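# Tertiary structure, described
The lines below spell out each chain.
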Amino acid sequence: MLVDATGDAGLAGQGGDRFSFGDYDGDGDPDLLADGNRLWRNDTKDYGKPGAKAVFADATAASGMGKARGGGACWADLDGDGRLDAVTTSGSVMLQQKDGTFVDSAAALGLTLKDGQASVGLGDVDGDGRPDLLFGGGEDWNGGNARYFDRSLWVNVDGKRLTNVTPKHDLKEPRYGRAVVWADYDADGDQDVYLGNYRLQPNDLLANEGGVLKNVAKVAVCVLQPVTVI
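Nothing here was measured: the structure is a model prediction, and the numbers come from that model.

## Quick word on the sheet that holds strand β7 (residues 93-96)
Either a parallel or an antiparallel arrangement is found when strands of a sheet pair, and the pairing is made through backbone hydrogen bonds. Ordered in space as β5-β6-β7-β8, the 4 strands form an open sheet in which the pairing is antiparallel. Both outer strands of the open sheet, β5 (73-76) and β8 (102-104), are each paired with one neighbouring strand and no more. Strand-to-strand twist of the sheet, defined as the mean angle between neighbouring strand axes without regard to direction, takes the value 20°. Where β7 and β8 come together, 3 bridges link them in antiparallel fashion. Residue pairing in the sheet places Leu95 in a bridge with Val103 of β8.

Written out as structure tokens, the structure is:
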């Protein structure tokens, strides 16, 4: 049975559109990031034990996360220091410092977005063990004459800079991409991407072929195996 524990958890009256969990303070329980710039630290006592009750504390101001340009967000260790960082769809790269605070380091890393995005996903396109950033696009409704935003792929170079490598991949057409999912769908050992688009735009299945993403959505075939029911 599910019971509404919002008030007891310290989250009464809170809202938002996009949420992500990550253990930013490394204490073994998931912390909550709302809309890319409101951080709630999980202070649950006896986490994982019977009878434990979730408790969250607002760490937005103390952590510096409130300075992020918001939107959706993904957690990952971008600079390889063992601490989780966060990337938002508006283009903030919040690197976690040794004291647990976050600093927007997008400019220092070389990340610039022309437009805010509807989605972002982190995966390893070049197989070097570092998370790369793929922004799925977005739109300006523009009074009913929608303008779609450019998608972009940024390779993580030694955790010290982000390089735009979009032109070499099948990401050239603007889209209103609302989902970016990394996975090795063809089981060849590298990460591919599925992009969920909107406004009746076809979805994209990008196969990773030697570090280059190629759209194979039109030729991919799903074969269903017969199942015997006894």
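## Details of the sheet that holds strand β9 (residues 120-123)
Strand order across the open sheet formed by 4 strands is β9-β10-β13-β14, with antiparallel pairing between neighbours. Since the sheet does not close on itself, it has two edges, and those belong to β9 and β14 (161-164), each with one partner. For this sheet the average axis-to-axis angle between neighbouring strands, irrespective of direction, equals 25°. Bridge analysis of β9 against strand β10 (residues 132-135) gives 4 bridges, and the strand direction is antiparallel. Across the sheet, Gly121 pairs through a bridge with Leu134, a residue of β10.

Conventions used here
Residues numbered from 1 in each chain as written. Predicted model: local features only at pLDDT ≥ 70, side-chain atom pairs only at ≥ 80, totals over all residues. Heavy atoms only, no water. Pairing = 2+ DSSP bridges. Helix = DSSP H or I, 4+ residues; strand = E, 2+ residues; numbered from the N terminus. Axes fitted to C-alpha atoms, helices over the stretch in contact; angles between N-to-C directions.

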